[in-house]
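# Architecture and fold: a report
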2 protein chains.
Amino acid sequence: MENRITVAVDAMGGDNAPFEIIKGAVEAVKERENVSVLLTGQEAIIKKELEAYDYPKERVAILPASQVIETGEPPVAAIKGKKDSSIVVGMKAVRKGEADAFVSAGSSGAILVGGTTIVGRIRGIERAPLAPVIPTRDGFSLLIDCGANVDARASHLVQFAKMGSIYMEHVMGVKNPRVGIVNIGVEEEKGNALVKETYPLLKECKDINFVGSIEAREIPSGAADVIVAEAFVGNVILKLYEGLGSTLISKVKEGMMSTTRSKVGALLVKPALKETLKSFDASRYGGAPLLGLKGLVVKCHGNSKALEVKNSILQCISFKEQEISKKISENIVVPAKEKEEL
Amino acid sequence: MENRITVAVDAMGGDNAPFEIIKGAVEAVKERENVSVLLTGQEAIIKKELEAYDYPKERVAILPASQVIETGEPPVAAIKGKKDSSIVVGMKAVRKGEADAFVSAGSSGAILVGGTTIVGRIRGIERAPLAPVIPTRDGFSLLIDCGANVDARASHLVQFAKMGSIYMEHVMGVKNPRVGIVNIGVEEEKGNALVKETYPLLKECKDINFVGSIEAREIPSGAADVIVAEAFVGNVILKLYEGLGSTLISKVKEGMMSTTRSKVGALLVKPALKETLKSFDASRYGGAPLLGLKGLVVKCHGNSKALEVKNSILQCISFKEQEISKKISENIVVPAKEKEEL
């Protein structure tokens, strides 16, 4: 028999909440019998939304939460101040073991802060990185860290490399994933102070398949499966990916609509082009996991539709089945300093 | 009468040297009567190449240089060791005032090192940033710094903002250019330590049009004319721009070639699409200036063709006519520490 899994889902978070979130949650429980969801948020609203669907009632419950954390709110104050928000209530359910995972399309900042302060880090993990999957020419890569916790140390990046490697192998199914560090050249002596310090440490790691430095130019062609970067750099890469992708696609559309001749051509090209570009759509991979916590937290895009919410929930199944938290805990050496403290 | 200008051009640098370089140089002197070029490199080779063209002999001379610095060579050693290389000879011509500018598609590292050590920085300039022009949806922006000199301080970024602003206004013709700093959020309190320290300093600058933080997502849509970043981040942005651009274009082509129907459509779409995508081609803006030096140094792409070389040479005209070095020198306050030293 399959493992049962319970996922708390933030019904109030994201641009398309509650409609798309609840739709995605219902689709997930209908698709996989071993999944239960706990919808966190304003009970009356959630109940009303659920009326539209036919679904297995015993696997969809509501965890009432009266408050909503808005995207613009300062994260620390929001997590501390709104104890009855859908994010805090969902994360507490994970901490208490009532849920295995929490999925939210809400405020990134609040999710990052709540992940560390409510769910809590695995013993020995210094920082919990946000690790979205980004599309590449023929597949995808994991970009770790894209969180808000910038100015990382070398020891953080080493943990990111190991956690990312475990996640890619056991959740995303990439055998012996190639781990690269983002750099401004491929030679070992290149880089900023952080990369120069991290490089030899990664080279020494026996448990990862370190392929060295990769330049940002090579990321879209899939030069590494796990792309390690300090959060500021990772964030820039992720957002430029989104911005440049949409600008180029709109340029292509503009070009196709510019003459009568090209408009006719566009009609013929459209179906095939749509198929190809779909492979460059990040939403089909689900949201980004926040790794290294005592339970899984998944951050979906703010503009997530039901498909991404559903995929994010289903992604939690492999995470639990593969015992990722246990693997992270066993494989990542506890730094001497923290060992003493514990 | 127009100002006369002499540009030293590295005939040996880049993937397409000497053919495309010399072709571009000849085209530049033919296009503008006030331009003279000094081709630096191996005399016999350059002479032979020149035989193919009809050009005003009095405005094309050869500055013999027997050595060539290869792309892979460690830059400092190359500049010190190869005194008779086309790069060192060209830069010395600028230092001695025999040339106003130096244009090269050769080793970036050697050009950056040579710029500072041979041409030399303007008094008070702490670092010479490399500032390429990148295409945006409806125009272009200046990305400053993309050099190899990473881990900058806040005072460096402030100088970059001012120099970039002067260059965009007086060479590229953008009135009152909007200056933004690359950040992971738009709120003033966001950022890494460097950005947090730099932000208030930029806000205080009366001589630039500071528009605050910009996220990488907004760069392609043209949210700022001058994009200030520490070199590691700038380098990542520049290279991801190149890599993602070519990956997406190849995906679009692949989609168009995937079915018979789409192949027919592709034929109709092609001319219009080519025109639109041309606006996203960086080479038409010429190379990237290395700013803050006692003379202009322009780094062209390694794979430059004649068009980029020609445009880079012509770009030097505005640089001289607008007295950019003088403007930089007058507008950028000499930091107190360096003032004492001088």
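In what follows, the accompanying structure is described. Please read all numbers here as calculations on a predicted model, not as lab measurements.

When its secondary structure is counted, chain A shows 12 helices and 11 strands. In summary, chain A has a C-alpha radius of gyration of 21 Å against a globular reference of 20 Å for 342 residues, a match within 12%. Each principal axis of the C-alpha atoms in chain A carries an extent, and together these give about 70 × 60 × 45 Å. Positive and negative side-chain charges in chain A, numbering 45 and 43 respectively, have mean positions lying 2 Å apart.

So, on to the pattern of salt bridges. If charged atoms from side chains of opposite charge come close, those side chains can pair. Tallied over the entire structure, the rule returns 30 salt bridges over all chains. Between Glu215(A) and Arg217(A) there is a salt bridge; the shortest N-O distance is 3.8 Å. For Glu215(A), a relative accessible area of 13% gives the class buried. Classification of Arg217(A) by relative accessible area gives partly exposed; the value is 36%. If you follow the salt bridges from partner to partner, you end up with Glu215(A), Arg217(A), Lys239(B) and Glu242(B) in one network.

The subject of this paragraph is the interface of chain A and chain B. How big an interface is tends to be stated in terms of the accessible area lost upon association of its parts. Contact residues are listed per partner, giving 55 residues for chain A and 55 residues for chain B. Buried surface at the junction of chain A and chain B, summed over both partners, amounts to about 4,900 Å²; 75% is from carbon and sulfur atoms. Viewed at the interface, chain B and chain A are joined by four salt bridges. Across the salt bridge formed by Lys239(A) and Glu215(B), the nearest N and O atoms sit 2.3 Å from each other. For the side of chain A that touches chain B, the secondary-structure elements that each account for two or more residues are strand 7 (178-183), helix 7 (193-204), helix 8 (231-256) and helix 9 (260-278) of chain A. The biggest single contributor to the side of chain A that touches chain B is helix 8 of chain A, with 21 residues.

Rules used throughout
- Residues numbered from 1 in each chain as written.
- Chains lettered and ligands numbered in written order.
- Predicted model: local features only at pLDDT ≥ 70, side-chain atom pairs only at ≥ 80, totals over all residues.
- Heavy atoms only, no water.
- Helix = DSSP H or I, 4+ residues; strand = E, 2+ residues; numbered from the N terminus.
- Rg over C-alpha atoms; globule rule 2.2 N^0.38 Å.
- Lys, Arg positive; Asp, Glu negative; His and termini not counted.
- Charge placed at Lys NZ, Arg CZ, Asp CG, Glu CD.
- Salt bridge = Lys/Arg side-chain N within 4 Å of Asp/Glu carboxyl O.
- Buried < 20%, exposed > 50% of the residue type's maximum accessible area, 1.4 Å probe, protein only.
- Contact = heavy atoms within 4.5 Å.
- Buried area = accessible area lost by both parts, 1.4 Å probe.

Geometric descriptors of this kind do not, in isolation, establish any biological role.
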